[in-house]
Amino acid sequence: MPKMKLPTIYNVHLVAMIATLGGALFGFDISSMSAIVVTDQYITFFNNPSGVIQGAIGSALAAGSVVGSAIAGPISDKIGRRDSIMFACLFWLIGTAVQVACQNVGQLIVGRVLNGFTVGITSAQVPVYLAEIAKAEKRGSLVIIQQLAIEFGILIMYFIGYGCASIQGTASFRTAWGTQFIPCVLLIIGLPFLPRSPRWLAKVGRDQEAIQTLANIQADGNVDDPRVIAEWEEIVTVMNAEKEAGKGWRKFFKNGMWKRTMAGMSVQAWQQLAGANVIVYYLTYIAQMAGLTGDVAMVTSGIQYAVFIIFTGVMWLFIDKTGRRTLLVWGALGMGFCHFVIGGVMGGNHENVPGGVGNPPNANIVIAVHPGAPANTVITFSYLLIVVYALTLAPVCWIYAAEVWSLGTRATGMSMAALSNWVFNFALGMFTPPAFVNITWKLFIIFGALCVAAAGWFWVFYPETCGKTLEEIEVMFSKDGPHPWNTKKGESRLAAEIEAVIARKEKGEQPGLVETVTQDGENKA
């Protein structure tokens with residue numbers, strides 16, 4: 001009896017929408033706290049956690065993600081991009097169950113650490129998977145779906161939490177946290193229908209399966225399509241070069257590879273150091289500083305997430321028409337300006353409230369911004385900061401980090417990049433609540449200065465990757481590559497290689513791709 005096989009989806013946008021449910025998990029976990037931390041039920045049950053304790057609760061997700069992202073690369077190289085995401089889902093189910101049943105702060109932290117472990121793996125490997133199945137000219141728009149999924153997860157979970165705030169007692173936050181099962185179950189159902197990465201299949205020696213998958217994705221199954229042949233030739237050439245580059249950790253630093261390692265890890269660190277997540281995680285605190293309370297404060301914060309989605313959606317239309325360098329440099333400068341305005345207005349227009357703002361008092365909020373123009377300015381520029389972030393660093397940092405690695409280093413390299421993101425996310429998660437108490441408005445001045453530093457770093461060290469094949473990016477980071485500030489978007493050589501394949505086919509000099517691979521396999525045998 002023939003073995004039953006599930007149908008496989010090859011439409012890349014549909015594949016991306018299923019795979020990026022891993023991003024939705026990230027978004028759900030972020031705002032599972034955002035709407036809850038200011039509710040009476042949470043404050044009462046967990047004894048008004050503040051400072052380091054609230055920092056530990058908030059950063060527990062990042063702590064688990066550090067571990068998850070650290071092991072994501074080896075797991076992905078061993079079992080594949082798709083199956084590593086499935087493996088991660090098991091820990092999400094356990095972590096969510098622990099959160100729903102928690103009886104104290106310690107159990108809540110454990111549940112969030114387990115969820116973070118899942119997010120560490122998915123945040124590292126979903127962008128790798130999408131980058132490896134995408135056409136070069138569409139790679140940015142495909143990977144940005146991951147960022148949109150994160151933002152939709154944030155928005156949906158925030159308003160679930162807001163709605164559950166009207167439920168009396170602990171059922172309020174337990175019900176909200178229980179809804180985190182839903183996106184994970186949907187992801188588990190959808191993953192078996194997705195194709196494996198053709199580049200991973202090539203890496204582990206499954207050449208014919210890799211070619212057929214590449215053809216199904218790029219050319220409706222035609223293995224002799226010139227684009228498929230040209231792209232396969234690039235993959236093989238790069239794999240052969242990488243086999244000569246050595247094994248182990250040396251390959252991340254040898255032959256100019258250190259440039260890509262630095263770029264992939266530092267772009268993720270700067271995404272956190274730019275400080276947008278202070279607004280994303282704690283706009284409810286900023287709204288209360290500005291005198292907004294109750295439903296007004298909650299809805300004001302929720303609108304931020306809708307704004308986030310709208311402007312990332314706008315960038316989805318233009319991400320592959322605009323250079324990565326341009327967005328990174330100007331985005332960092334724009335965010336820095338917003339931070340300086342928020343900090344400056346807060347610094348010059350506030351009153352100290354040592355006991356905490358609100359009723360019951362929130363011990364994390366110890367200043368009140370003067371009402372009227374100062375408070376309105378703080379809220380307006382908080383929104384504007386999110387707009388700039390949604391258009392620039394939020395999507396581009398993930399795209400750039402997924403693009404810069406070679407095939408042999410991509411899974412572990414992206415894990416290193418995600419590890420960098422989560423280490424700084426954890427550090428800032430621990431730092432921010434105490435900073436709101438101890439240095440208040442000066443926190444925004446610090447982030448403004450870091451944004452200016454980020455812009456300078458991007459300009460000096462990051463070559464343009466927009467419109468290049470993943471294999472062409474190898475050359476840009478080599479010792480013979482151009483200076484980053486001399487690089488431009490597009491100008492891919494793949495079009496010329498496709499024309500060369502067509503010319504060889506017309507002359508009868510181009511054998512069938514499957515035939516070539518079969519002959520190579522027989523020669524090796």
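See the structure above.
Being a predicted model, the structure only gives us computed values, none of them experimental.

### Observations regarding the overall build of the chain
Of regular secondary structure, the chain possesses 23 helices and two strands. At a minimum sequence separation of 6, the contacts of the chain that also span at least 24 residues come to 79%. Of the roughly 20000 Å² of accessible surface on the chain, 66% is carried by carbon and sulfur atoms.

### Examining unusual backbone geometry
Although it is not a glycine, Asp-220 adopts a positive phi angle of roughly 55 degrees. Along the chain, Asp-220 turns up in the loop between helix H11 (207–219) and helix H12 (226–243).

### Describing helix H1 (residues 12–19)
Those residues of H1 that fall on the buried side of the exposure criterion are Val-15, Ala-16, Ile-18 and Ala-19. Buried positions in H1, seen along its axis, are confined to an arc of 165 degrees and lie on one side of it. Looking at where H1 begins, the residue whose side-chain oxygen comes 3.1 Å from the main-chain nitrogen of Leu-14 is Asn-11.

### What about the environment of Trp-422?
Looking at where Trp-422 falls in the secondary structure, it is placed in helix H19 (residues 410–438). Judged by its relative accessible area of 0%, Trp-422 is buried. Sequence separation of Trp-422 and Ser-59 is 363 residues, and the distance between their C-alpha atoms is 9.4 Å. If sequence neighbours within four positions are ignored, Trp-422 has contacts with Phe-26, Leu-61, Ala-62, Ser-65, Val-66, Ser-69, Val-119, Gly-120 and Ser-123.

### Digging into empty space enclosed by the protein
One pass over the structure, following the stated rule, counts five cavities of 30 Å³ or more. Considering only enclosed or pocket space, the largest cavity measures out at about 140 Å³ in volume. Forming the walls of the largest cavity are 15 residues, and the residues nearest its centre are Phe-26, Gln-147, Ile-150, Asn-277 and Tyr-389. For the lining of the largest cavity, the elements supplying multiple residues, two or more each, are helix H2 (21–34), helix H7 (139–164), helix H13 (257–273), helix H14 (276–289) and helix H18 (393–403). Class assignment of the residues belonging to the lining of the largest cavity gives a composition of ten nonpolar, five polar and no charged. For the second largest cavity, the calculated volume is near 120 Å³. Lining the second largest cavity are Ile-30, Met-33, Ser-34, Val-37, Gln-54, Ile-57, Gly-58, Leu-61, Arg-112, Tyr-281 and Tyr-282.

### Points about the side chain of Ser-382
Topologically, Ser-382 is positioned in helix H17 (residues 373–391). On the accessibility criterion, Ser-382 (1% relative accessible area) is buried. Once you skip the residues sitting within four places of it in the chain, Ser-382 turns out to touch Ile-279, Leu-283, Ile-286 and Ile-342.

### Considering helix H9 (residues 181–190)
Turning to H9, its buried residues are Pro-183, Cys-184, Leu-187 and Gly-190. For H9, the buried positions fall inside an angular range of 130 degrees around the axis, keeping them on one side. What points out from H9, more than 90 degrees from its buried face, is the exposed set Ile-182 and Ile-189. Contacts made by the buried residues of H9 are with H1, H2 and helix H5 (81–101).

### Quick notes on the layout of surface pockets
Volume-wise, the second largest pocket comes out at about 440 Å³. What lines the second largest pocket is a set of 20 residues, among which Val-38, Thr-39, Asp-40, Gly-294 and Met-298 lie closest to the centre. Breaking the lining of the second largest pocket down by element, the ones donating at least two residues are helix H3 (40–45), H14 and helix H15 (294–318). The element that contributes the greatest number of residues to the lining of the second largest pocket is H15, accounting for four residues. The residue inventory of the lining of the second largest pocket, partitioned by class, reads eight nonpolar, ten polar and two charged.

### Details of the packing of helix H4 (residues 51–79) against helix H6 (residues 105–133)
Their axes nearest at 5 Å, the elements H4 and H6 cross at an angle of 35 degrees. The handedness of the crossing between H4 and H6 comes out as right-handed. Residue composition of the contact of H4 with H6, grouped by class: 16 nonpolar, eleven polar and one charged.

### Quick word on the packing of aromatic side chains
Summed over the entire model, instances satisfying the criterion amount to 18 aromatic pairs. Consider the rings of Phe-87 and Phe-91, whose centres lie 5.4 Å apart with planes at 70 degrees: the pair is edge-to-face. Here the residue Phe-87 and the residue Phe-91 both occupy positions in helix H5, the gap between them amounting to four residues, near one helical turn. Taken together, a centroid distance of 5.7 Å and an interplanar angle of 50 degrees make the contact between Phe-308 and Tyr-389 tilted. Linking Phe-308 in helix H15 with Tyr-389 in helix H17, this pair joins segments that are 81 residues apart in sequence.

### Brief notes about the side chain of Asn-425
On the secondary structure map, Asn-425 appears in helix H19. When its relative accessible area of 4% is taken as the criterion, Asn-425 is described as buried. Each residue touching Asn-425, except ones within four places of it in the same chain, is listed here: Ala-62, Gln-272, Asn-277 and Tyr-281.

### Quick notes on the pattern of salt bridges
Scanning the entire structure with this criterion turns up six salt bridges. Taking the shortest distance from any N to any O, the salt bridge between Asp-77 and Lys-203 comes out at 3.9 Å. Residue Asp-77 is located in helix H4, and its partner Lys-203 is located in helix H10 (residues 198–203); the two are separated by 126 residues in the primary sequence. Its relative accessible area of 18% is what places Asp-77 among the buried residues.

The rules behind each value
Residues numbered from 1 in each chain as written. Predicted model: local features only at pLDDT ≥ 70, side-chain atom pairs only at ≥ 80, totals over all residues. Heavy atoms only, no water. Helix = DSSP H or I, 4+ residues; strand = E, 2+ residues; numbered from the N terminus. Contact = heavy atoms within 4.5 Å. Areas by Shrake-Rupley, 256 points an atom, 1.4 Å probe, with all protein chains shown as cover. Buried < 20%, exposed > 50% of the residue type's maximum accessible area, 1.4 Å probe, protein only. Arc of directions from axis to C-beta. Polar contact = N/O pair within 3.5 Å; in protein donor to acceptor, adjacent residues only side chain to side chain. 1 Å grid on protein atoms, 1.4 Å probe; cavity = no way out; pocket = protein on both sides within 12 Å on 5 of 7 lines; lining within 4 Å. Points joined across faces, edges and corners; volume = space filled by probe spheres on them. Nonpolar A, V, L, I, M, F, W, Y, C, P; charged D, E, K, R; others polar. Axes fitted to C-alpha atoms, helices over the stretch in contact; angles between N-to-C directions. Left-handed = near helix turned anticlockwise from the far one by under 90°. Phe/Tyr/Trp six-rings, centres within 6.5 Å; stacked < 30°, edge-to-face > 60°. Salt bridge = Lys/Arg side-chain N within 4 Å of Asp/Glu carboxyl O.

Distances and angles like these do not, on their own, reveal function.
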